Amino acid sequence: MTSNDVVIETRDLGYAYAAGRFAIRHLSLSLHRGEILGLLGRNGAGKTTTVRLLTTLLPPSEGTAIVLGQDIRAAGRALRARLGVVLQSESLDFVTVEKNLSLYAFLWGVPREIAKTRAEEMIELFELEHARRRKPWALSGGERRRFQVARELMHDMEILFLDEPTVGLDAISRRRILAYLRRRAKGGLSIVFTTHIMHEADMLCDRIAVVHKGKLLALSTADELKHQHGGAREVTIIFSTPLTSNLRAEFASAIGQHGAVLLAPEPGSDPLPGQVSFRAERAEELLPWASHWAQAHALEIERMAIEEATLEGAFLGMIGETEEGEAPEPGGPTSAAGVLTRVSGGGLP
Amino acid sequence: MSLPPVLRLVVRNFASNLDPLTIVIRFGQPAITIAVLGTMFSGIVASALTDGLSYTAFLVPGMVAFQMITGGVVSGNLFWLDRRWSMTEQIFSGPFLRAEYLGGLVLTTLLFSLVGVGIMMLVGLPFIGVSALSAVGVLTVLLTVGLGSIFFAGLLITLGTRLRSANAYFTIQSFLQLFVIFLSTVYYPITSTTPKVLATIFYFNPLTYAANTIRDAFNGRFCAADLIGIGVLGTLAAVGFGAAIWGFRTMDLGPIQ
C-alpha cells in the first residue's frame, strides 16, 4: 500500500463534550482504500463520536484528522459529498420506502435514471420489495435498519461510515449485508464499521480498532488481536497409548516450564485413555513443542486440538486488563466459547 | 444537472413532510373562517366598528395576515420533525451547509405563506370585490406576509433547536399561535372601547402590524403607520432569522428521542 491509499489518518484526535470530559481521546489510526476498519467497543466507548468527528458533524477538541486529503477542521461540503453515513439513530422521512430512496438520491443530486435503477437494486438487495409502498414507521426494526443502509447506498461515495448498521437484523439479513459490503470494499470502497458484535467484526473487518472509555486499546487484524489478547486457552492432546503416571508427571513438569498448567479431568467427564489437557497463554506456540516431546518419548499423537481463540475473548481480555473488577474469569476469557478445533489429525512425525 | 442544494432541500421539504391532509387543514381552516365566521358576524357586527366595511371584508385581510403564522408553523414543525427523526443530522452529514438547510426552511415557509395568501384572496375576493387591490397593495401584502413568516419561522425554529421534548415544543407552539392570533387585530379592531392593557399588548404583537398594514393595502389607505408596521416586521424578521442562525450554530445535532 502507498501513502496515496490512505483515506483517513488521525493523530491524537479527541473530542471533549465538556471541559476535561473526553468522549474520545488520543485516537491515532488510519484507513486505506478498499479497507474495512471495524470500531469495536462497548456502548458509550466513543465509537459514534469518532464517526461524527470523521464526518465533520463534530469539531475535534484536539488532534488532527485528514480524511480524503482534507483536514476535517476546515473541510465541509466538498468532503461530505464524498462520504456516506449511516447513523446509529433512525433517520426517516415520512414517505414510502420507494419514495424515500428516490428522494434521498434527488437530495444528493443523483440523476433520475440512475436513481431509479439503483433504487430497484437496493430494494432487491435489502429485501424490501414487500415494503416498497409502506412508510418507514410501518416497517419492523430490522426492515427499518435495512432501509436506512439501502438509502445511503443510493449515492456514490469513497468512504462509507456505518454506525452499528446491523442492530436488530436477523442472521440471514446480516450475512447478506456484510457480504455486500465486502464486495463493495473489494471494488475500492473504504468502510468504517462500528459494532459491539464481535463475530461480525471478526467476519467483516480487515482491521479492528478496539475502543474503550474513549481510548484506543488496540488496532490490528482480528487474528492478531486474538493471538495477542486471547488469553489462556485449553489444548487437548490424545496420545495413541495412555501415559504412565511417571510420564504424565514428567509431561506436567515439562509443560509447566512453558507456563502451562496441566488440567485434571473434570469430575463426571470421561476422558480418553491417552488424553491430556493443559491450559496455556499462546497455546498454539506449544503445539510444536508437544510433538517434539512425544517424539522424544517414542509416543505417537493421535489427535491434537486447541480451543478456538475468539475476538470476544480477546476483547474481554483487553477490557479486563484496563478495568479492575472486570478481569476475565480464572481459566481465561475464551473458556466460555469452549470450542475445540481439531488442528492435527493422526500421528505426528 | 441538478438543482442548487437549497432548492433540492425545498423540494424535499415539500415532498417528505407535508402530507395532503395537513395542507388541506392548514389552508382550509382560515378559508372556512372567512366563509362562515365572516358571513355570520357580518349581520351582527356594526360596520361602524370596522371602518365602514362588512365584517367579512374586515376579516379577509386578517386571514391573509394569518398566513404568516401558517407558514412559520409549517417550517417550525418541519424542522422539529427532522430533528426528532434525526434527518437534520443525516442531511448535515451530506453535501449541505447549515445555512442551506435553514435557507431551505425559510423558502419553504415563504412558498407556503404565499400559496396561503393566494387561497385566502381567492376565497375572500368575492366578499370584498375584485378591484380591491392595486399592484402596490399586492406587493405590500406579499412583503408583509413574507417578513412576518420569516419572523415566526425563525422563532419556532429557534424553539426547536432548544427543546428536547415533542410535548414541550407542540404545547408552546399551540399556545403561541393562540396568543398571537387572539391578541391581535385579525378578528377585531382596536377601538376606543378596547381596554388599554389589551390595546398595549396588541401592539407588542407582530400580527397586529401585519393585519393593519394588509387591511390598509386592501383598502388603498396607506399611511405612515403602515411603513412603521413594515419596519417593525422587517426588524423582527431579522431578529427571528438571526435567532434561528444562532440556534443552528449552537444546537446539538445528536438524536433527541
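Residues numbered from 1 in each chain as written. Chains lettered and ligands numbered in written order. Predicted model: local features only at pLDDT ≥ 70, side-chain atom pairs only at ≥ 80, totals over all residues.

## Considerations on the overall build of chain B
For chain B, the count of helices and strands is 10 helices and 0 strands. Each helix and strand of chain B, ordered N terminal to C terminal, gives the series α-α-α-α-α-α-α-α-α-α. On C-alpha atoms alone, chain B measures out to a radius of gyration of 19 Å, which is about the 18 Å that the 2.2 N^0.38 rule sets for 257 residues. Along the three orthogonal principal directions, the C-alpha set of chain B runs to about 60 × 45 × 35 Å. Looking at chain B as a whole, 46% of its 257 residues qualify as buried. A sequence separation of at least 24 residues applies to 83% of the contacts in chain B between residues at least 6 apart. (Helix = DSSP H or I, 4+ residues; strand = E, 2+ residues; numbered from the N terminus. Rg over C-alpha atoms; globule rule 2.2 N^0.38 Å. Buried ≥ 20, exposed ≤ 12 C-beta atoms within 10 Å, placed from the backbone. Contact = placed C-beta atoms within 7 Å.)

## Section: the packing of helix H3 (residues 97–107) of chain A against helix H1 (residues 5–17) of chain B
The relative placement of two packed helices is expressed as an angle between their axes plus a distance between the axes. Direction vectors running N to C along H3(A) and H1(B) enclose 165°, while the axes themselves pass 9 Å from each other. Classified by the angle between their axes, H3(A) and H1(B) sit roughly antiparallel to one another. Crossing hand, H3(A) versus H1(B): left-handed. For the pair formed by H3(A) and H1(B), the contact residues are A:Leu103, A:Phe106 and A:Leu107 on the first element and B:Arg8, B:Val11, B:Arg12, B:Ala15 and B:Ser16 on the second. Across the contact of H3(A) with H1(B), the residue classes break down as 5 nonpolar, 1 polar and 2 charged. (Axes fitted to C-alpha atoms, helices over the stretch in contact; angles between N-to-C directions. Parallel < 35°, antiparallel > 145°, perpendicular 65-115°, else oblique. Left-handed = near helix turned anticlockwise from the far one by under 90°. Nonpolar A, V, L, I, M, F, W, Y, C, P; charged D, E, K, R; others polar.)

## A word on the interface of chain B and chain A
Taken together, the contact pairs 21 residues of chain B with 20 residues of chain A. Those elements giving two or more residues to the side of chain B that touches chain A turn out to be H1 and helix H4 (87–92) of chain B. Element by element, the count of residues in the side of chain B that touches chain A is highest for H1(B), at 6 residues. Of the residues assigned to the side of chain B that touches chain A, the class counts are 10 nonpolar, 7 polar and 4 charged.

## Points about the packing of helix H3 (residues 55–84) of chain B against helix H6 (residues 135–162) of chain B
Residues and elements named next belong to chain B. Interaxial distance between H3 and H6 falls to 7 Å at its minimum, and their mutual angle equals 30°. It follows that H3 is roughly parallel to H6 by the angle criterion. With respect to the hand of their crossing, H3 and H6 are arranged in right-handed fashion. Along the lines of polarity and charge, the residues of the contact of H3 with H6 split into 15 nonpolar, 8 polar and 1 charged.

## Re the nonpolar core
Ranked by size, the top nonpolar core spans 138 residues in total, and within it A:Phe161, A:Val192, B:Val64 and B:Ala65 carry the most contacts. The leading source of residues in this core is H3(B), at 16 residues. Residues contacting B:Ala65, with those up to four places away along its chain left out, are B:Val145, B:Gly148, B:Val186, B:Leu207, B:Ala210, B:Ala211 and B:Ile214. The next biggest cluster of nonpolar side chains, apart from the first, holds 17 residues, and it includes A:Ala232, A:Ala283, A:Leu299 and A:Met304. (Core = buried A, V, L, I, M, F, W, Y, C linked by C-beta atoms within 7 Å.)

## Considerations on the domain arrangement of chain A
Residue and element names in this part refer to chain A. Domain boundaries in chain A define domain 1 (3–227) and domain 2 (230–345). Facing the 13 residues of domain 1 at the interface are 10 residues of domain 2. Elements represented by at least two residues in the side of domain 1 that touches domain 2 include exactly helix H7 (198–204), strand S9 (207–212), strand S10 (215–220) and helix H8 (222–229). Considered class by class, the residues forming the side of domain 1 that touches domain 2 number 8 nonpolar, 3 polar and 2 charged. (Domains from an automatic or database assignment.)

## Topic: the pairing of S10(A)
All names here are of chain A. Of the pairings in the sheet, the one linking S9 to S10 comprises 5 bridges and is antiparallel in character. Counterpart to Val211 in the pairing with S10 is Leu216. Between S9 and S10, which pair antiparallel one after the other, the connecting turn spans 2 residues, and Lys213 there sits at a positive phi close to 50°. (Pairing = 2+ DSSP bridges.)

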